Structure formats: structure tokens, C-alpha cells
Amino acid sequence: MFHLLLAACLANDPAICAERLLPAADAPDQQDCQRKAEPIARDWLARHPDLKGGEARCVATSELPALTVTEIADEVYFHQGAVEQLSHRNQGRIANTAFIVGDTVAVIDAGSSRAEAEALYAAIREVTDKPVSHLILTHMHPDHIMGAEVFSEAGATIVASARLPEGVARRVDDWMMSIPRQIGAQAFLGTHIASIDQKIDAPMTISLGSTELMVTPVPKAHTDNDLLIHDSDSATLFTGDLVFRGLTPSLEGSLKGWLDWIAAGPPMPDIALVVPGHGPVAATWEEAVAPEWQYLEALRDTTRKAVSGNMPLSRAIPAIVSMMKPFSEGWADFDATTAHNASTAFSQIEWE
Ligand SMILES: [Zn+2]
């Protein structure tokens, strides 16, 4: 397959440039791709007025920069993000992403930038030419969703919780300012938020022909718009950030809801593999959730202590971080994320 790469620079800072992949021009041969290049590039630039376009060229799949993926089960491919917070060094590539190949391809999460999603798309095209029919967003956080537009342009239906659009709308202006500062303007170049085509408010099945994905919304836990995805063929469970491994869990939904979700046990009887939102794949449900459960229980207990001691929030945050220290082993970015969690948990437990 051949793919269109368009050189583009920021309209307000012509020193910041990168080549963007426009999947709408994908073609079986180079001439075909070249024929489509001009109108597709013109149309795309009209929808990206923050950019000025340059030269366009068509290249073979093997020439595209691609994410490294591992086949973790038959026809299930996984890319593990860096177990870190967003930085210039990791270019924002911190969230896990995956894709499942049936008669069509479903992608799970799209990364923090258009460039990351393009590299994921290239990894898919190294494996298969089958159409990408679905992109499922596990939840609203920008490290998981900002690349979605690439898959929309590739023809995929964008699937997310019915509560996601509202959460994104409240935050997206901040993200468009803050993420380029965190990962670099070049790494973020051309990133625009995509709209959701299919909103999920009850369990539903997505058919890929040879396999089926069960998509289940979860009550408020990590956020208020978390989805679980279960692949029937491989019995792989994709949890998004309902499960963190290695990177300190970050709380934005409900601490009680998250603990209740874990305490309820495996959400499906048939789980052969658990793919978390951050960190390595786990072989069992228990292996996946045990460290996170310990962390969240400790967060609840230490926050209760601070609340019952009538500490003001300003003193409670460092006190909770210090009481949590014995639980810090094995968690990246422990202090900063725990301080943020302490503030969220404090306001929730105060109201208990
Ligand atoms: Zn998240």
C-alpha cells in the first residue's frame, strides 16, 4: 500500500514543521496515491487552518515511521507506552494502544497526538491492508484520545462513552495549550480533536466478522466515562485506565467507585489476558489489579485520617503523600500524582 505524506508547518511559527500522514489518500500503487494527493491535501489543509502545507509525496508502508507492536494473542497487537508522564523525551507516547484484526480492524485508543496515531496506523498497515472499521476510546484522557482524527480520516467509526464528549469539551481548550508545551510543538503538530460517531451508554457488541468485541460502560471510577472492551476470540480484556501498572494511578472520577469496581471482581468470566491503560499486559485479573487496589485502599485510608483529623486541605495533601510513602515502591511519578489524588480524594471523603 502507498500513503500520502504532506509537509506542513505551523502557520504562526514556520520554523515548526513535520510531515503528516493523510490516510484518505491510501492507494494500492504509487500513481494512484499521487493522483489523489492534490485534492486530498487541499481539503485537509482547509480543515487545519493552523497549518501551512508544503510538498506532498507518496511512500510505501515500509517507509512510514511506525510504533513497535507485539502480537500478544492471535490477531491482537499491543503497543506499550512509556511508563512516565508526558514529556518532550517521550513525545507524549505514554498510553497503551492496541488493535484487533478480524475481517476488519478495531483500534483501542489513539495516543496523545496526531503523530502518535499516524505511527500506530503505520503499524497496523504493516500487519494488514484490511479496513479500519472502529476506533474505541477507553476514556477521555488526552494521552488516549488526541490522535483519533487520523482514524476518522481512515474511515473508522469513533466509539466512546456517551459521557465522554462533555468531559472533553470542558477540558480541550486547556489541552490544546498545555500539551504542546509538555511534549513539544512539533510532536503535537496538526493534532485536532475528533468528534464521536457512536456513543455508548449500555453494553454493546461490535462485530469484526471473525470476532466480536463486547464494549461495556463502567460507573464513575477512574473517570466518569470509562469503557471496558473484551475480545471474545482471544478472551483479552482491555481496561483502559481502570487498571494502571507501573505508572501511579490517577484519580479523576470516584475513589469509592473505583474501589467498588475492583472489589466486584473480574467483570467477565472469560479473561485470558488483561491489557491495562499504562504498563505491561497481565496474565490474570488478580495480577492486573492487586497493586492498584493496594494503592487506592491506602489512598482512601490515609485521606480518611487527614479528614477526621480536621486538617485543612493545604496541610492534608503533604500529610497524605507522606503517609502513602510506604506504598510508593513500583510506582512511577508517585509524589506528584499522589498529591493530585490526595486533593481529589480529600474533597470526596469530606462529603462522605
Ligand atoms: Zn486516564
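Everything below is about the structure shown above.
Residues numbered from 1 in each chain as written. Predicted model: local features only at pLDDT ≥ 70, side-chain atom pairs only at ≥ 80, totals over all residues. Heavy atoms only, no water.

(A) Here's a closer look at the sheet that holds strand 1 (residues 2-10). Read across the sheet, three strands follow the order 2-1-3 without closing on themselves; strand pairing throughout is antiparallel. Looking at which strands have only one partner, the edges of the open sheet turn out to be strand 2 (13-27) and strand 3 (51-60). When strand polarity is set aside, the average angle formed by the axes of neighbouring strands in this sheet is 20°. Where strand 1 and strand 3 come together, eight bridges link them in antiparallel fashion. In the sheet register, Cys9 faces strand 3, and the bridge partner there is Lys52. Contacting strand 1, strand 2 and strand 3, helix 1 (residues 30-46) crosses the sheet at an angle of about 125° to strand 2. Lying on the sheet, helix 2 (residues 114-127) is in contact with strand 1 and strand 2; it crosses strand 2 at an angle near 35°. (Pairing = 2+ DSSP bridges. Helix = DSSP H or I, 4+ residues; strand = E, 2+ residues; numbered from the N terminus. Axes fitted to C-alpha atoms, helices over the stretch in contact; angles between N-to-C directions. Contact = heavy atoms within 4.5 Å.)

(B) Structural context of the coordination of the zinc ion. The protein atoms donating to the zinc ion are His139 (NE2), His141 (ND1), His222 (NE2) and Asp241 (OD), with metal-donor distances spanning 2.1 to 2.2 Å. Here the zinc ion binds four donor atoms, and the angle range of 88 to 163° at the metal identifies the geometry as irregular. Linear spacing of the donor residues for the zinc ion on their chain is H-x1-H-x80-H-x18-D. On the criterion of sequence distance, the pair formed by His139 in the loop between strand 8 (132-136) and helix 3 (142-145) and Asp241 in strand 14 (residues 236-244) is long-range, its members being 102 residues apart. (Donors = N, O, S within 2.8 Å, 3.2 Å for Na, K, Ca; no water. Tetrahedral: all angles 85-135°; square planar, octahedral: opposite > 155°, others 65-115°.)

(C) Expanded view of the state of the cysteines. All chains considered together, the criterion is met by two disulfides. Residue Cys9 pairs covalently with Cys17 via a disulfide, S to S 2.0 Å. Given an S-S torsion of about 100°, the disulfide between Cys9 and Cys17 has right-handed geometry. Owing to a relative accessible area of 28%, Cys17 belongs among the partly exposed residues under this scheme. (Disulfide = S-S within 2.5 Å. Buried < 20%, exposed > 50% of the residue type's maximum accessible area, 1.4 Å probe, protein only.)

(D) Summary view of the environment of Ile108. For Ile108, the position within the fold is in strand 7 (residues 105-108). Residue Ile108 is classed as buried on the basis of its relative accessible area of 4%. Expressed as a C-alpha distance, the spacing of Ile108 and Gly81, which sit 27 residues apart in the sequence, is 13 Å. Not counting the four nearest positions on each side in its chain, Ile108 is found in contact with Asn96, Thr97, Ala98, Ile100, Leu135, Ile136, Thr138, Ile229 and Phe238.

(E) Representation of the nonpolar core. Ranked by size, the top nonpolar core spans 41 residues in total, and within it Phe99, Val107, Ile124, Val132, Leu135, Leu137 and Phe151 carry the most contacts. When contributions to this core are tallied by element, the ones reaching two or more residues are strand 6 (97-101), strand 7, helix 2, strand 8, helix 4 (148-153), strand 9 (157-161), helix 5 (164-183) and helix 6 (185-188). The residue makeup of this core includes at least three contributed by each of domain 1 (2-61) and domain 2 (70-288). Not counting chain neighbours up to four residues away, the residues in contact with Phe151 comprise Val107, Ala110, Ala117, Leu120, Tyr121, Ile124, Val132, Leu135, Ala156 and Ile158. One finds Trp258, Ile271, Tyr295 and Val307 within the second-largest nonpolar core, a separate group that totals 36 residues. (Core = buried A, V, L, I, M, F, W, Y, C linked by side-chain atoms within 4.5 Å. Domains from an automatic or database assignment.)

(F) The arrangement of unusual backbone geometry in detail. Backbone geometry at Glu75 places phi at a positive 70°, although glycine is not the residue there. Within the secondary structure layout, Glu75 lies in the loop between strand 4 (70-73) and strand 5 (76-79).

Geometric descriptors of this kind do not, in isolation, establish any biological role.
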